[in-house]
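Structure assessment
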Amino acid sequence: MKTDAVQQCTISTCNKIYDVREVRPYCECGNLLDVAYPSFGSHLRIVGGPPNLRGIFSRRRDYGNNIYDESGVWRFRELINFMGIDTEDLEAMSRVLVSLDGAEGRTRPYQMSKVANHVGMNPENLWLQPEGLNPSGSFKDNGMATGYTHAKMVGALEVICASTGNTSSSAAQYGANEGIEVRVLTPRGKIAPGKFAQPLQYGAHVRETDGKFDDAMEEVLRQGGYIINSVNPFRIEGQKTIIYRALDWLKWEVPDWLVVPGGNLGNAAAFGKALTELYQWGFIDRLPRLVIVNSDKANTLYALYNGRFQGEPLRWNDGNVNEELIEEFYKHLDKLENEDKLPETEATAIAIWKPRSLKKALRSLHHTDGIVIQVGDQDMKDGMAVVGLNGFDCEMASGAVPAGIKQLVEQDIIHRDDTVVGILTGRLKDPQQIVDYHRNPKNLFANPPM
Ligand SMILES: *Cc1c(COP(=O)(O)O)cnc(C)c1O
Ligand SMILES: [Zn+2]
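Presented here is a report on the structure given in the accompanying data block. (Residues numbered from 1 in each chain as written. Chains lettered and ligands numbered in written order. Predicted model: local features only at pLDDT ≥ 70, side-chain atom pairs only at ≥ 80, totals over all residues. Heavy atoms only, no water.)

1. Points about the nonpolar core
Grouped together as the largest cluster of nonpolar side chains are 97 residues, with contacts concentrated most on Leu 79, Phe 82, Tyr 148, Phe 271, Phe 283 and Ile 292. Beyond its immediate chain neighbours, meaning those up to four positions away, Tyr 148 contacts Val 98, Val 159, Ala 171, Tyr 174, Gly 175, Ile 180, Val 182 and Ile 228. (Core = buried A, V, L, I, M, F, W, Y, C linked by side-chain atoms within 4.5 Å. Buried < 20%, exposed > 50% of the residue type's maximum accessible area, 1.4 Å probe, protein only. Contact = heavy atoms within 4.5 Å.)

As structure tokens, this is what we get:
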């Protein structure tokens, strides 16, 4: 089943189309691009429509007999086929698709009773999907599988990224596996030790930069090359499969809520795209409400979306986003930084002030009637700790998910018998932070050593 994908501007008043082989994160008009599948509707009929494909996806999960069926990304290849390959041709797949031998995306949601008790929900209705179980320890592997597939399609010999840690770890792991050089820019001193170690270990060229993640990201865009950050629309395609797996496990029963931490907002972009496409293609008949959880110390989306800055809520508005408001907010942030007043969260993975997928996230929120909330460091740490009591681990930024659900249950926005899927984005790579938490008996879930 071949498709004819294109890259298309996210803003409908521009709507410019680029060939799928062109390498450019931004449209001429300065906005991000989407991968689009203009003829997918008609292709869908050829394979018997959504019910038939849904069956194929779950059979691949249960009986996968090649690495592309085992991979939690590539078993959904019909829905992300920008490669335009025959999705049953093993030979073609092994030539084109990049995979860590089928190991990425082998995740699914779990019920976690201790977390449910903590947040005040019915244990049967709370599902948490630990993306930390990916090979490099975070959800980023979903996007790297597709991002690298595109890099290989266009013959890139080297990729570059800015990173708060998990992007560079994942990029370096795939680069090592594919024989592609990886250049990494990370903000000095603002990255968890485990995440700093990984790219070094996988042979990437690591450069420590001054300032914060946003400055490293700007530098990467200035340098150019094959950028493997989430501004790359092909990375977004892989991250859509996080949602496919959750829905596949829930037998395509759509949950009421979908909760995710927000940093650079690549996931927020991917989840909205995944859901609206599934709706359009007839896989689901309604959409869950998306909840994006910011740190209260890096809360750009929260502040703008909820009108906490200059009183005007920032909305998608059919692509006519109020860019002046964003610029004003960024000036305000620059001023805070110059005065050394920019707050610093210990949840380094979401310590991002100028999220590159801000507009795409607004679009996702628009389509899903979404909400944006913020949580504090202590609540994220408690969230991380209570996930541990269920025998899973997640990092502090992922602790934003239980923390956010708890806040919304307390506000009576999420009800205890609503169905909620939360994405635990990464696993622990900062063991000292966790030991410190447990040594302090004042912490809610402290488990001090004797
Ligand atoms: C990258 C990352 C995030 C932020 O995801 P975005 O898609 O950039 O919003 C959150 N949690 C973890 C563990 C991450 O690695
Ligand atoms: Zn454009």
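Further notes follow.
2. Re the site of ligand 1
Neighbouring ligand 1 are 15 residues, the closest being Lys 140, Asn 166, Gly 263, Leu 265 and Thr 425. Separating an oxygen atom of ligand 1 from a side-chain N or O atom of Lys 140 is a distance of 2.7 Å. Thr 425 places a side-chain nitrogen or oxygen 2.8 Å from a nitrogen atom of ligand 1. Here ligand 1 loses 97% of its free accessible area of 390 Å² to cover by the protein chains. Of the residues contributing to the shell around ligand 1, the split by class is five nonpolar, eight polar and two charged. (Near = heavy atom within 4 Å. Polar contact = N/O pair within 3.5 Å; in protein donor to acceptor, adjacent residues only side chain to side chain. Areas by Shrake-Rupley, 256 points an atom, 1.4 Å probe, with all protein chains shown as cover. Nonpolar A, V, L, I, M, F, W, Y, C, P; charged D, E, K, R; others polar.)

3. Some words on the coordination of the zinc ion (ligand 2)
Surrounding the zinc ion (ligand 2) are the protein donor atoms Cys 9 (SG), Cys 14 (SG), Cys 27 (SG) and Cys 29 (SG), at 2.3 Å. Of note is the zinc ion (ligand 2), whose four donor atoms meet at the metal with angles of 103 to 115 degrees in an arrangement that counts as tetrahedral. All donor residues of the zinc ion (ligand 2) come from one chain, and their arrangement in sequence is C-x4-C-x12-C-x1-C. Separated by 15 residues along the polypeptide, Cys 14 in the loop between strand E1 (6-9) and strand E2 (17-18) and Cys 29 in the loop between E2 and strand E3 (33-36) bring together distant segments of the chain. (Donors = N, O, S within 2.8 Å, 3.2 Å for Na, K, Ca; no water. Tetrahedral: all angles 85-135°; square planar, octahedral: opposite > 155°, others 65-115°. Helix = DSSP H or I, 4+ residues; strand = E, 2+ residues; numbered from the N terminus.)

4. Some details on helix H7 (residues 166-178)
Compared with the 18 Å implied by 1.5 Å per residue over 13 residues, the 18 Å span of H7 between its first and last C-alpha is a close match. In terms of burial, H7 is a largely internal element, ten of the 13 residues being buried. Looking at H7, one finds that the buried residues are Asn 166, Thr 167, Ser 168, Ser 169, Ser 170, Ala 171, Ala 172, Gln 173, Tyr 174 and Gly 175. On its buried face, H7 sits against helix H6 (140-153), strand E6 (158-162), strand E7 (181-187), helix H8 (193-201) and helix H10 (233-249). Within two residues after H7, Gly 179 carries a phi angle of roughly 70 degrees, on the positive side. (Expected span 1.5 Å × (residues − 1).)

5. A closer look at the pairing of strand E12 (residues 371-375)
In terms of burial, E12 is a largely internal element, four of the five residues being buried. Of the strand pairs in this sheet, strand E11 (residues 289-295) and E12 are connected by five bridges, and their pairing is parallel. Following the sheet pairing, Val 293 is matched in E12 by Ile 373. (Pairing = 2+ DSSP bridges.)

6. Some points on the pattern of salt bridges
The final tally for this structure, using the stated rule, is 34 salt bridges. A salt bridge links Glu 131 to Arg 245; its shortest N-O distance comes to 3.0 Å. Within this pair, whereas Glu 131 is found in the loop between strand E5 (126-130) and H6, its partner Arg 245 is found in helix H10, the two being separated by 114 residues in sequence. Like Glu 131, the residue Arg 245 is buried in the burial classification. The partner of Asp 256 in a salt bridge is Arg 286, and the shortest N-O contact between them spans 3.5 Å. Within this pair, whereas Asp 256 is found in the loop between H10 and strand E10 (257-261), its partner Arg 286 is found in the loop between helix H11 (266-280) and E11, the two being separated by 30 residues in sequence. Judged by its relative accessible area of 27%, Asp 256 falls in the partly exposed class. Within the structure, one salt-bridge network assembled from shared partners comprises Arg 60, Asp 69, Arg 77, Glu 78 and Glu 88. (Salt bridge = Lys/Arg side-chain N within 4 Å of Asp/Glu carboxyl O.)

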